[in-house]
Amino acid sequence: MTKFIFVTGGVVSSLGKGITAASLAAVLEARGVKVTMTKMDPYINVDPGTMSPFQHGEVFVTDDGAETDLDLGYYERFLRHSKMSKSNNFTSGRIYQTVLNKERRGEYLGGTVQVIPHITDEIKNKILASGEGYDIAIIEIGGTVGDIESLPFMEAVRQMQVELGRNRAMLMHLTLVPYISSAGETKTKPTQHSVKELRSIGLQPDILICRSEHYISPDNRRKIALFTNVEERAVIMCEDAQSIYQIPRTLYEQDLDDIVCERFGMNLPEADLSDWDKVVEAQLNPESNVTVAMVGKYVELPDAYKSINEALLHAGITHQTSVNIDYIDAERLETDEGLFAQLQQADAVLVPGGFGERGTVGKLKAVTYARENNVPYLGICLGMQLAVIEYARNVLNIDANSSEFDRKTAEPIIGLITEWLDERGELQIRSDDSDLGGTMRLGAQQAELVAGSKLSQIYGATRISERHRHRYEMNNRYIEPLEQSGMKISGYSAKQHLVESVEISEHPWFVAVQFHPEFTSSPRGGHPLFNSFVKAAKDHHATK
Ligand code: GLN
């Protein structure tokens, strides 16, 4: 029977609830527990797929094609044996949609539909379903205690605690313990208030995680325990860390995993965290450093590229190299010569995914620069489409474009499959799925890599699986001219024979892929493509 740990946050947001919850999951996994994690988001959007990266950060894509909150990325990076799926992230909007659909179908038999019990029942069903097949499910509730929006989730948690009982459910609350420098004091009052707020809705935390910039003294710990009614040993200190991958050890050293196992009556071997120690050791003691220029549209909010940032960090860990990311605003790059000079300082160029035309001129400029100057280039999704457009324009002298940016372009080297079918009648793909165009290609799909290609060497395989999130595809009509002029197709999708990746044979490291390798990178080992890219950046750095 699955046991549940509910995780709430108090005082302020951005305390790292997802990271802390995932770190606990990592320690439990290291003890042999089969653990999964779910994020419940209190907003009304049905899923984060259409939400602006400026507001919400990256959309994380799972193997089964769910567009989810970026916290699921942390869950996967901290866990080795569990992958996230559609059932691991849901919003208030999704819950209401399900309930309203049932109401329209008459499933409530004319009864009055209410937050309690109908909304809360739906939440409970989804929580239970997400934990199926696991020993422990950690359920994170988005937002902070006291928000009106999260009340139905809190109420569902309260009910589940009663229904499941003490040895199947517990509550962990993350709070801020601020340090007031003018007074030279650590303050416990916000934590007391935040727990009071929780208790007013019937929730008593079993564990408190106290986030702070400073060391919290045993006296303060005792005080927090006393005022919040939490066992003293379950008041866990979590100071700001140099690396998020230190958190599993921080929790382990305060016996948080023992507290959980005791409560759930689980008798398990000790956790071995040596692989996390190695990750931290390599991250904090780099022997070299490189700079990667990331040319994108959402540079003010690095969270918009969370998984890429992490994948580069992991590749750095693999090579004991510190990877500095220089975020370059693609739109400014179009005209700003100073910014272009900054781009030239970098050891490698990366153009990430994106939607819409804004900034593409600057991104194309970055591609041209990398291609002509033998600077390592990694293009991801839109970054591949632009690499293809750039090559066609500047090497093949074709006025090529993507129909995403110019619907009437005479040379749609990138386009929707349906457009080729309907308007041009010249689709040259072996497709058994004509529904593909116009909808997103989402989630994990297999690709066949061309034997002997750089990409197949990087992966050490000719059959790979990677996640997708895009609508537009390279038009197969252009494969031949591209290949004849030196841009090689290095991979095709196994099912539809769509172009998955390109590379330039004459270039030391120019690789662009239609899929998103960043979603599957792990701190423990990195990802072959990012590892190879960072190695190429190191090699390039050495030649400068
Ligand atoms: N806008 C492009 C498409 O839809 C690329 C998407 C992306 O980079 N994720 O195909």
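Notes on the structure follow. Keep in mind that this is a model prediction, so the values were computed, not measured.

A look at the sheet that holds strand β21 (residues 487-493)
Across the sheet, 9 strands lie side by side as β13-β12-β14-β15-β23-β22-β21-β18-β19; this open sheet has mixed pairing. Each end of this open sheet is capped by a strand with a single partner; those strands are β13 (321-329) and β19 (463-470). Going from strand to strand, the sheet's axes swing by 25 degrees on average, the running direction of each strand aside. Of the strand pairs in this sheet, strand β18 (residues 441-449) and β19 are connected by 8 bridges, and their pairing is antiparallel. Counted as the bridge partner of G443 is H468 from β19. Against the sheet, helix α14 (residues 337-345) makes contact with β12 (288-296), β13 and β14 (348-351), and its axis sits at roughly 160 degrees relative to β13, the strand it touches most. Taken strand by strand, helix α15 (residues 360-372) contacts β12, β14, β15 (377-380), β22 (499-504) and β23 (510-513), and its axis lies near 145 degrees from that of β14.

Quick notes on the site of the ligand
Every residue lining the ligand is accounted for by G353, G354, F355, C381, L382, Q385, E404, R469, H470, R471, Y472 and H516. Backbone polar atom of R471 to an oxygen atom of the ligand: 3.0 Å apart, as the coordinates give it. In isolation the ligand offers 290 Å² of accessible surface; the protein chains occlude 99% of this area. Going through the elements one at a time, α16 (382-394) and β19 are the ones with two or more residues in the shell around the ligand. Along the lines of polarity and charge, the residues of the shell around the ligand split into 4 nonpolar, 5 polar and 3 charged.

Let's talk about helix α4 (residues 92-104)
For α4, spanning 13 residues, the distance from its first C-alpha to its last is 18 Å, which sits close to the expected 18 Å at 1.5 Å a residue. For α4, the set of buried residues is S92, G93, I95, V99 and K102. Near the N-terminus of α4, the side chain that reaches the backbone nitrogen of G93, with its oxygen 3.2 Å away, is that of T91. Once α4 ends, the next one or two residues include G106, with phi positive near 80 degrees.

Concerning a nonpolar patch on the surface
Judged by side-chain polarity, Y96, L100, V115 and I116 come together as a nonpolar surface patch covering roughly 340 Å² of accessible area. Put simply, the parts of the chain that give the nonpolar patch at least two residues each are α4 and α5 (115-131). Tracing the sequence through the fold places L100 in helix α4.

Structural notes on helix α6 (residues 151-164)
Relative to the 20 Å expected for 14 residues at 1.5 Å per residue, α6 spans 20 Å between its end C-alpha atoms, a close match to the ideal helical length. The complete set of buried residues in α6 reads P152, F153, M154, E155, A156, V157, Q159, M160, Q161 and L164. Among the residues trailing α6, G165 stands out with phi positive, at a value near 85 degrees.

Thresholds, definitions, all that
Residues numbered from 1 in each chain as written. Predicted model: local features only at pLDDT ≥ 70, side-chain atom pairs only at ≥ 80, totals over all residues. Heavy atoms only, no water. Pairing = 2+ DSSP bridges. Helix = DSSP H or I, 4+ residues; strand = E, 2+ residues; numbered from the N terminus. Axes fitted to C-alpha atoms, helices over the stretch in contact; angles between N-to-C directions. Contact = heavy atoms within 4.5 Å. Near = heavy atom within 4 Å. Polar contact = N/O pair within 3.5 Å; in protein donor to acceptor, adjacent residues only side chain to side chain. Areas by Shrake-Rupley, 256 points an atom, 1.4 Å probe, with all protein chains shown as cover. Nonpolar A, V, L, I, M, F, W, Y, C, P; charged D, E, K, R; others polar. Expected span 1.5 Å × (residues − 1). Buried < 20%, exposed > 50% of the residue type's maximum accessible area, 1.4 Å probe, protein only. Patch = residues over 30% accessible without salt bridge, like charges linked within 9 Å, V, L, I, M, F, W, Y side chains within 5 Å. Salt bridge = Lys/Arg side-chain N within 4 Å of Asp/Glu carboxyl O.

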